[in-house]
Amino acid sequence: MKSKLGSITMCAKAGRLSIGMDMMKDACKSDNAKGVFAASDISEKSLKEVRYYCGRYGVKCFSLGMTMDELSTGLGKRTGILAVTDSGFAKSIAKGLEEISIDNEEFMD
């Protein structure tokens with residue numbers, strides 16, 4: 001996972017990373033998000049919200065397999081949600097990760 005953290009850090013330095021729930025929502029709404037990544041220890045409520053926004057705006061979502069504390073080591077900020085706004089970085093980070101399934105019917109009234 002250290003290689004993933006290195007890619008995430010490079011992505012952040014390049015200004016292609018939106019950190020946190022609100023930034024992820026904005027990136028999805030503005031069609032800038034190329035991939036959303038979730039830490040392994042985010043709450044079920046947060047994960048449901050991530051799945052909703054990714055499903056609504058057609059963005060793929062992946063489980064990073066890292067905790068929020070592990071992410072904070074590379075980013076200097078504790079977070080559980082990342083949105084990558086560059087397709088190259090998103091593809092690189094997503095490689096080998098488990099995609100989080102999104103069932104849009106779950107969110108229908």
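Structural notes, computed from the coordinates. (Residues numbered from 1 in each chain as written. Predicted model: local features only at pLDDT ≥ 70, side-chain atom pairs only at ≥ 80, totals over all residues. Heavy atoms only, no water.)

Observations concerning the overall build of the protein chain
Right, on to step 1. The secondary structure content of the protein chain amounts to five helices and five strands.
Right, on to step 2. Its helices and strands in sequence order give the protein chain the pattern α-β-α-β-α-β-α-β-α-β, from N to C terminus.
Right, on to step 3. Here the protein chain has a C-alpha radius of gyration of 13 Å; the compact-globule value for 109 residues is 13 Å, and the two agree.
Right, on to step 4. Its C-alpha atoms give the protein chain principal-axis dimensions of roughly 40 × 25 × 25 Å.
Right, on to step 5. A buried classification covers 47% of the 109 residues belonging to the protein chain.
Right, on to step 6. Across the protein chain, contacts joining residues at least 24 apart in sequence account for 86% of those joining residues at least 6 apart.
Right, on to step 7. Surface exposure of the protein chain reaches about 6,200 Å², of which carbon and sulfur atoms provide 47%. (Helix = DSSP H or I, 4+ residues; strand = E, 2+ residues; numbered from the N terminus. Rg over C-alpha atoms; globule rule 2.2 N^0.38 Å. Buried < 20%, exposed > 50% of the residue type's maximum accessible area, 1.4 Å probe, protein only. Contact = heavy atoms within 4.5 Å. Areas by Shrake-Rupley, 256 points an atom, 1.4 Å probe, with all protein chains shown as cover.)

Brief notes about the nonpolar core
Right, on to step 1. Judged by nonpolar contacts, the single largest core of 37 residues is most densely connected at Ile8, Met24, Val36, Phe37, Leu64 and Leu82.
Right, on to step 2. Look past the residues within four positions of Leu82 in its chain and what remains in contact with it is Ile8, Leu17, Ser18, Ile19, Gly35, Val36, Phe37, Leu64, Leu71 and Leu75. (Core = buried A, V, L, I, M, F, W, Y, C linked by side-chain atoms within 4.5 Å.)

What to know about the sheet that holds strand S3 (residues 61–63)
Right, on to step 1. Spatial ordering of the open sheet is given by S1-S4-S2-S3-S5, a layout of five strands whose pairing is mixed. Lying at the two open borders of the sheet, with one neighbouring strand each, are strand S1 (17–19) and strand S5 (98–99).
Right, on to step 2. As paired elements, strand S2 (residues 35–38) and strand S4 (residues 81–84) share four bridges and run antiparallel to each other. The residue bridging Gly35 from the neighbouring strand is Val84, located in S4. (Pairing = 2+ DSSP bridges.)

Observations regarding the pattern of salt bridges
Right, on to step 1. Evaluated as defined, the whole model comprises two salt bridges.
Right, on to step 2. Across the pair Lys25 and Glu49 runs a salt bridge whose closest N-O atoms are separated by 2.5 Å. Note that Lys25 is positioned in helix H2 (residues 21–29) and Glu49 in helix H3 (residues 44–57), a separation of 24 residues in sequence.
Right, on to step 3. Across the salt bridge formed by Arg78 and Asp69, the nearest N and O atoms sit 2.8 Å from each other. (Salt bridge = Lys/Arg side-chain N within 4 Å of Asp/Glu carboxyl O.)

Looking at the packing of H2 against H3
Right, on to step 1. Between H2 and H3, whose axes approach to 9 Å, the crossing angle comes to 10 degrees. Taken together, the axis directions place H2 and H3 in an arrangement best described as roughly parallel. Along its contact with H2, which presents Met21, Met24, Lys25, Cys28 and Lys29, the element H3 presents Ser46, Glu49, Val50, Tyr53 and Tyr57.
Right, on to step 2. Among the residues making up the contact of H2 with H3, the classes are represented as six nonpolar, one polar and three charged. (Axes fitted to C-alpha atoms, helices over the stretch in contact; angles between N-to-C directions. Parallel < 35°, antiparallel > 145°, perpendicular 65-115°, else oblique. Nonpolar A, V, L, I, M, F, W, Y, C, P; charged D, E, K, R; others polar.)

Here we look at the packing of aromatic side chains
Right, on to step 1. Taken as a whole, this structure holds three aromatic pairs when the rule is applied.
Right, on to step 2. Taking 5.5 Å as the distance between ring centres and 20 degrees as the angle between the ring planes, the aromatic pair formed by Phe37 and Phe62 counts as stacked. Of this pair, Phe37 sits in strand S2 while Phe62 sits in strand S3, and the two are 25 residues apart along the sequence. Accessibility assignment for this pair places Phe37 and Phe62 in one class, buried.
Right, on to step 3. Seen from their ring centres, Tyr53 and Tyr57 are 6.2 Å apart, and the 20 degrees between their planes marks the pair as stacked. In this pair, Tyr53 and Tyr57 both sit in helix H3, four residues apart, roughly one turn of the helix.
Right, on to step 4. The class of Tyr53 is buried, set by a relative accessible area of 13%.
Right, on to step 5. According to the relative accessible area criterion, Tyr57 is partly exposed, its value standing at 25%.
Right, on to step 6. Joined through ring pairs, the aromatic side chains of Tyr52, Tyr53 and Tyr57 make up one cluster. (Phe/Tyr/Trp six-rings, centres within 6.5 Å; stacked < 30°, edge-to-face > 60°.)

Interpretation note: all reported values are geometric properties and have no functional meaning in isolation.
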